[in-house]
Amino acid sequence: MKMDAVRRGVEDLIGAYAEVIDEDRLEEWPALFGDPCRYLVISRSNHEAGMRQGVMYAASRGMLLDRVFSIRRANLFEPHRYRHVIGPVRVKSVDGSVAVAHSHFIVARIMQDGTTSLFATGRYLDRIDTSKPAFLFLDRIVVLDSDKIDTLLAIPL
Amino acid sequence: MKMDAVRRGVEDLIGAYAEVIDEDRLEEWPALFGDPCRYLVISRSNHEAGMRQGVMYAASRGMLLDRVFSIRRANLFEPHRYRHVIGPVRVKSVDGSVAVAHSHFIVARIMQDGTTSLFATGRYLDRIDTSKPAFLFLDRIVVLDSDKIDTLLAIPL
Amino acid sequence: MKMDAVRRGVEDLIGAYAEVIDEDRLEEWPALFGDPCRYLVISRSNHEAGMRQGVMYAASRGMLLDRVFSIRRANLFEPHRYRHVIGPVRVKSVDGSVAVAHSHFIVARIMQDGTTSLFATGRYLDRIDTSKPAFLFLDRIVVLDSDKIDTLLAIPL
């Protein structure tokens, strides 16, 4: 596959991920991953220390769906939304049908009363299956710049 | 027209829009729209409720120009600038010469004394005329994530 | 060279710049510039007044490296990191092997204790050497929207 097509597909997948979360279409979120997969949200300092456990973890679509169900059921936390902006997507390598891509993000959080704040920044470290027209995340590691993980963290980042 | 060319043209138009606003070249802003057109700034909750009126509205280049004139004349509000960053642009469909594109934004506001704050986040829902080399907005609906619309809102978002 | 290839190379260079800074790989930062070069961080009001001196300045890779050394030696300021997101990249012109590109940025700053804030916004005005596979900055002028330059400014923006 030509490099330009890989880039476009990777950008589309990363764009779709931000869109389904920010538009509260969380039910569509697991379908962006392969099965099995690895989804991990972890702070940079823990990531650099080689830790493999983070604030959120899933190893299959089923586990991702469980996360969505628990968000839908919970209603305990104060309702809020995110808004992602993604910095330049960098395709680092393509090996067979697997692309490695890194990108940056800044996420704003909008509470139900409209209060908006800078919520999180960090990096996406992705391994992406490019073998089918709809690319899928094999690994998505979300490395948060800050160690201060908000206790409100429930929606995937 | 090939999909890649459509994407590029859409990205260019969206980039030009942010540039003319952020660089205070507002007089160039109406020329990015078709005539007639629809420009609407609305909160998400009102948008989802099906309301068609928002905080700003224009149906023609003339109305857009009126908005620019009133900003230039006003000098009443505290001078400030915006800085847009745009998340991934998603071309949703192309029907004949009309492309539908969605994108995300975060806008910072910089007051004259240099104070910078996170001002607004939201989505652009665009219908774009791709029939001429310079693409034009037919519809640009700016859906704000927050219901708290700043009373200072004067410059288009 | 085809316009699409120029765009891609420019986007890659701009992405690499954000990445080496945000990931604290500052030693790789000077290699993104030609030699001689011009790197200037300046406020918008000073830039518009035609001033050629700013908050940071370098005219060669050697001067850029000096900046990195002094950051590594200093350890005086409170440790922090940046996170860049870049708005749409606009290739303004290509003249021979030199491309002129403008882009927007918002930078968050993350202190060691995890406190995250909106730090700086502005524009990159670039002249880029496209003659070799790895594009290089000939000029990178960083125009800050705000005149309030943080006294902590040490890491390049």
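Residues numbered from 1 in each chain as written. Chains lettered and ligands numbered in written order. Predicted model: local features only at pLDDT ≥ 70, side-chain atom pairs only at ≥ 80, totals over all residues. Heavy atoms only, no water.

Peer 1: Teacher, can you tell me more about the interface of chain C and chain B here?
Peer 2: Opposite the 23 residues of chain C that make contact, chain B presents 22 residues. In total, chain C and chain B occlude about 1900 Å² of area from one another, counting both sides; carbon and sulfur atoms represent 49% of this. It is C:Arg7, C:Arg90 and C:His104 that lose the most area in chain C upon contact with chain B, and together they represent 28% of the buried surface on that side. Counting every contact that joins chain C to chain B gives 7 salt bridges. Linking chain C to chain B there are 10 residue pairs in polar contact (both at pLDDT 80 or more). Breaking the side of chain C that touches chain B down by element, the ones donating at least two residues are helix H1 (3-22), helix H2 (44-48), strand S3 (80-86), strand S4 (90-95), strand S5 (98-111) and strand S6 (116-129) of chain C. (Contact = heavy atoms within 4.5 Å. Buried area = accessible area lost by both parts, 1.4 Å probe. Salt bridge = Lys/Arg side-chain N within 4 Å of Asp/Glu carboxyl O. Polar contact = N/O pair within 3.5 Å; in protein donor to acceptor, adjacent residues only side chain to side chain. Helix = DSSP H or I, 4+ residues; strand = E, 2+ residues; numbered from the N terminus.)

Peer 1: What should I look at first to understand the interface of chain A and chain C in this one?
Peer 2: A common way to express how large an interface is: the accessible area buried when the components associate. Each side of the interface is counted separately: chain A has 23 residues, and chain C has 22 residues. Of the roughly 1900 Å² buried at the junction of chain A and chain C (both faces included), carbon and sulfur atoms supply 49%. Counting every contact that joins chain A to chain C gives 7 salt bridges. Contributing elements (two or more residues each) for the side of chain A that touches chain C: helix H1 (3-22), helix H2 (44-48), strand S3 (80-86), strand S4 (90-95), strand S5 (98-111) and strand S6 (116-129) of chain A. In the side of chain A that touches chain C, the residues fall into 6 nonpolar, 5 polar and 12 charged. (Nonpolar A, V, L, I, M, F, W, Y, C, P; charged D, E, K, R; others polar.)

Peer 1: How should the relation of the copies chain C and chain B be read in this particular structure?
Peer 2: Both copies of the chain are related by one operation, a rotation about an axis with a shift along it. Superposing chain C onto chain B takes a rotation of 120 degrees combined with a translation of 0.0 Å along the rotation axis, leaving an RMSD of 0.0 Å. These values place the two chain copies in the arrangement generated by a three-fold rotation axis. (Least-squares fit on C-alpha atoms with pLDDT ≥ 70 in both.)

Peer 1: What's the story with the pattern of salt bridges in this structure? I'm lost.
Peer 2: Side chains carrying opposite charge are able to pair once their charged atoms draw close together. This model, assessed by the stated rule, comprises 54 salt bridges over all chains. The salt bridge involving C:Arg83 is made with A:Asp145; its shortest N-O contact spans 2.7 Å. Of this pair, C:Arg83 sits in strand S3 while A:Asp145 sits in the segment after strand S7 (136-144), placing the two residues on different chains. Neither residue differs from the other here; C:Arg83 and A:Asp145 are each classed as buried. Via salt bridges that share partners, A:Arg8, A:Glu11, B:Arg8, B:Glu11, C:Arg8 and C:Glu11 belong to a single interconnected network. (Buried < 20%, exposed > 50% of the residue type's maximum accessible area, 1.4 Å probe, protein only.)

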